[in-house]
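Examination of the molecular architecture
The chain contents come next:
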Amino acid sequence: MAALDEISLKIPARAEYVGVVRLAVSGVAARMNFSIEEIEDIKVSISEACTNAIQHAYNDNADQNIIDIKMTIDNDELSIVVQDFGQGFDLSTLGTTEQKHKSKKKLGLGLGLTFIESLMDDTHFQSKIGEGTTIQMKKQSPNLTLSSVS
């Protein structure tokens, strides 16, 4: 495997495809020799990012839209970008009572982005009203030795 590999997925913004993304990221993380606990953290993080897009980005038009996922292996670091092209939101509302209330109304607890921040080594959130949201997250592999597939 080269020092820089990229894996891309485009999925419909529907809950039944989150498992596909979890399986893909699990395979990539396992090849990078992350521990089982770290792989679970990565899977929870990518699930939360995709679920946020499904629940908040497209409203009732989720069947018409996609979530773009890119996983990049750069030496001992796994970078994941989850992007939607939905309605976007004002990042300054994160953590406010209003935002938490809106999240609860859409079946969430309003903690998805907080989970991602706590489970990953580095996170960045970008969002523009009318253009969508991008969640970038990174995790360092403590002992990278890429395993080969037999």
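Remember, predicted model here, so these are calculated numbers, not experimental data.

The rules we used
Residues numbered from 1 in each chain as written. Predicted model: local features only at pLDDT ≥ 70, side-chain atom pairs only at ≥ 80, totals over all residues. Heavy atoms only, no water. Salt bridge = Lys/Arg side-chain N within 4 Å of Asp/Glu carboxyl O. Helix = DSSP H or I, 4+ residues; strand = E, 2+ residues; numbered from the N terminus. Buried < 20%, exposed > 50% of the residue type's maximum accessible area, 1.4 Å probe, protein only. Arc of directions from axis to C-beta. Pairing = 2+ DSSP bridges. pLDDT = per-residue confidence, 0-100. Expected span 1.5 Å × (residues − 1).

**Quick notes on the pattern of salt bridges**
- Following the criterion strictly, the structure yields 5 salt bridges and no others.
- Its salt-bridge partner being Lys10, residue Asp68 comes within 3.4 Å of it at the nearest N-O pair. Of the two residues, Asp68 sits in strand E2 (residues 66–74) while Lys10 sits in strand E1 (residues 4–12), which places them 58 residues apart along the sequence.
- The exposure class of Asp68 is buried, given its relative accessible area of 7%.
- Judged by its relative accessible area of 56%, Lys10 is exposed.
- With a shortest N-O distance of 3.1 Å, Asp68 and Lys70 are connected by a salt bridge.
- Among the ionic contacts, a cluster of salt bridges with common partners joins Lys10, Asp68 and Lys70.

**Things to note about helix H4 (residues 112–119)**
- Those residues of H4 that sit buried are Gly112, Leu113, Ile116 and Leu119. Along the axis of H4, the buried positions cluster into a sector of 135°, meaning they face one direction only.

**Focus on the pairing of strand E3 (residues 77–84)**
- The element E3 is extensively covered by neighbouring structure, given that 6 of its 8 residues are classed as buried.
- Pairing geometry for E2 and E3, over 8 bridges, is antiparallel. Bridge pairing in E3 links Asp74 to Glu77.
- Counting the residues in the hairpin turn of E2 and E3 gives 2 residues, including Asn75, whose phi is positive at 55°.
- Note: E3 against strand E5 (residues 132–140), 7 bridges, orientation antiparallel. Bridge pairing in E5 places Ile80 opposite Met137.

**Comments concerning the confidence of the model for the chain**
- The pLDDT averaged across the chain works out to 84; a share of 77% of its residues lies at or above 70.
- Here helix H3 (residues 97–105) stands out as the element of the chain with the lowest mean pLDDT, 56, in contrast to E3, whose mean of 97 is the highest.

**Some remarks on helix H1 (residues 18–31)**
- Its 14 residues place the ends of H1 20 Å apart at the C-alpha level, agreeing with the 20 Å of an ideal helix rising 1.5 Å per residue.
- Within the sequence span of H1, burial applies to Val18, Val21, Val25, Ser26, Val28 and Ala29. The arc enclosing the buried residues of H1, seen along the axis, measures out at 165°, which places them on a common side.
- Backbone geometry just downstream of H1 places Asn33 in the positive-phi region, at approximately 65°.

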